[in-house]
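Residue-level structure breakdown
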Amino acid sequence: MAAEAISRALRDGALEGEHAPALTIKDSIHAPLGAFVFDHILAQLSSNISSSKSQAQGIVLVAFARSPQFYAELLKSKANDAASLKKWLRIVDCYTDPLGWKIQLAESGIVSNRSTQNATTASLCKNVRDLDMLFSSIVELGKEVIRETKGRFAVAIDSVSEILRHASISSAASLLSNLRSHDQVACLFWLFHSDLHEMKASSALEYISSMVACVEPISNTANGKGMNSENVPLIEQNLGRGKFSVRFKRRNGRIRLMSEELHTEQMGINFVPAFEGHVTSQSLVPKVQFNLQLSEKERNDRAKVVLPFEHQGDGKPIQIYDGRRSVSESKTENKETNAEKMHVNEDSGRGEIIYIRDSDDEMPDSDEDPDDDLISDSTIFFLTVGILELLTN
């Protein structure tokens, strides 16, 4: 399954001398299930880290779209206690005060400073526009969670779309590329709402990624009014399920595609093989403007066509000469040639070619060059120049 393949790739982490595997999760308003996929992958990776089955020894979670408390409760519901979370989880809080306005108001005395973050696991980001500072915070928390060893840590960003609200595409792409190439990052993944941005933003993120997961709607508009054949709003129908397509980039340059369906449930999401339980009557022949198959009459007419090499022989077997002759064939051919010569001599009326040399000095035809023994003009020139130099000296 595609979701399991993603979990294995993130669990195994980076190979020696290569960049860390990176995953882009794309969704849109027509299939707004990307957050469910992000939570599922985060929970799977957390389970592998807590059981020491992953290359990463901890996770640095960058929270833009939801609060650190939400993720703490989410991971606790997946059989992770608070004590274990503090060991391998660190959160960069870009949700509470992304631009530092609350701190400025608190310092001026307009409002009271009521921080709700958990200081043991979350670090407040005061300016999300400064991506260099954000990169430094992620790396510092990562080194803290692995306790300054030679281990690696994972990075999860719950919304790159929020970064693009405050920074350019090149700056965001540089941040992700630097994280992926960092020698202590085992893997990283992020969520991206593709319909909120230009195509070049999506292309830039896909270029950085080694895996791209797209959440697409299963039901499409049938009458142009956002309703299906049963007059049920498609947005309601696509809230509960969607098509989950994943594209894997292999190291040899090849692309591997996998697809399945995802369904939302009370405890999360469930992935099932694509088109399970559905009978499809779609033909394997592509839809084109012309017919690719022949009728019975067309087959009979094609069989009656005489091909060019079949025009000779008048129905007799045709032997095609391939340039090789056997010994017996050569002897037979020589006998036939001699017989024809004798027949020509007997009947001179058919004509013959007689060649008489002009003189006895004329040599017969030969493949040898008759001027091979002559000295070329260039040789004579160089000899003359050499003799003149000797005389002048």
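Below you will find a few notes about this structure. (Residues numbered from 1 in each chain as written. Predicted model: local features only at pLDDT ≥ 70, side-chain atom pairs only at ≥ 80, totals over all residues. Heavy atoms only, no water.)

Before going further, it helps to spend a moment on the packing of helix α6 (residues 131-145) against helix α8 (residues 169-181). At a minimum axis separation of 10 Å, α6 and α8 run at an interaxial angle of 20°. Of the possible angle classes, the one that applies to α6 and α8 is roughly parallel. Along this stretch, α6 crosses α8, giving a crossing that reads as right-handed. Contacts between α6 and α8 pair L131, L134, F135 and I138 from the former with S171, A172, L175, N178 and L179 from the latter. Among the residues making up the contact of α6 with α8, the classes are represented as 7 nonpolar, 2 polar and no charged. (Axes fitted to C-alpha atoms, helices over the stretch in contact; angles between N-to-C directions. Helix = DSSP H or I, 4+ residues; strand = E, 2+ residues; numbered from the N terminus. Parallel < 35°, antiparallel > 145°, perpendicular 65-115°, else oblique. Left-handed = near helix turned anticlockwise from the far one by under 90°. Contact = heavy atoms within 4.5 Å. Nonpolar A, V, L, I, M, F, W, Y, C, P; charged D, E, K, R; others polar.)

In this structure the tally under the stated criterion is 0 disulfides. Unpaired in this structure, C94 has its nearest cysteine sulfur neighbour in C125, at a distance of 3.9 Å. C94 sits in the buried class, given a relative accessible area of 2%. (Disulfide = S-S within 2.5 Å. Buried < 20%, exposed > 50% of the residue type's maximum accessible area, 1.4 Å probe, protein only.)

Although it is not a glycine, S52 adopts a positive phi angle of roughly 60°. Here S52 shows up in the loop between α2 (34-50) and β2 (56-63).

It is worth spelling out the pattern of salt bridges at this point. With the rule as written, the count across this model stands at 9 salt bridges. Residue R11 pairs with D12 through a salt bridge whose shortest N-O separation is 3.1 Å. Looking at R11, the relative accessible area reads 26%, which means it is partly exposed. Look at the salt bridges and you will find they share partners, linking K26, E206 and R247 into a network. (Salt bridge = Lys/Arg side-chain N within 4 Å of Asp/Glu carboxyl O.)

A rise of 1.5 Å per residue sets the reference length of α2, with its 17 residues, at 24 Å; its end C-alpha atoms lie 24 Å apart and thus fit the reference within 8%. Among all positions in α2, only G34, V37, F38, D39, I41, L42, A43, L45, S46, N48 and I49 are buried. Phi turns positive one or two residues past the end of α2, at S52, with a value near 60°. (Expected span 1.5 Å × (residues − 1).)

Estimated volume of the largest pocket: approximately 590 Å³. A9, P21, S210, K249 and R251 are, among the 19 residues lining the largest pocket, the residues nearest its centre. Put simply, the parts of the chain that give the lining of the largest pocket at least two residues each are α1 (2-12) and β8 (241-249). Of all the elements, α1 adds the most residues to the lining of the largest pocket, at 4 residues. When its residues are assigned to classes, the lining of the largest pocket shows 8 nonpolar, 3 polar and 8 charged. Taken as a whole, the second largest pocket spans an internal volume of roughly 280 Å³. Surrounding the second largest pocket, 14 residues form its lining, L74, K78, M267, G268 and I269 being those nearest its centre. Listing elements by their share of the lining of the second largest pocket, those giving two or more residues are α2 and β10 (268-273). (1 Å grid on protein atoms, 1.4 Å probe; cavity = no way out; pocket = protein on both sides within 12 Å on 5 of 7 lines; lining within 4 Å. Points joined across faces, edges and corners; volume = space filled by probe spheres on them.)

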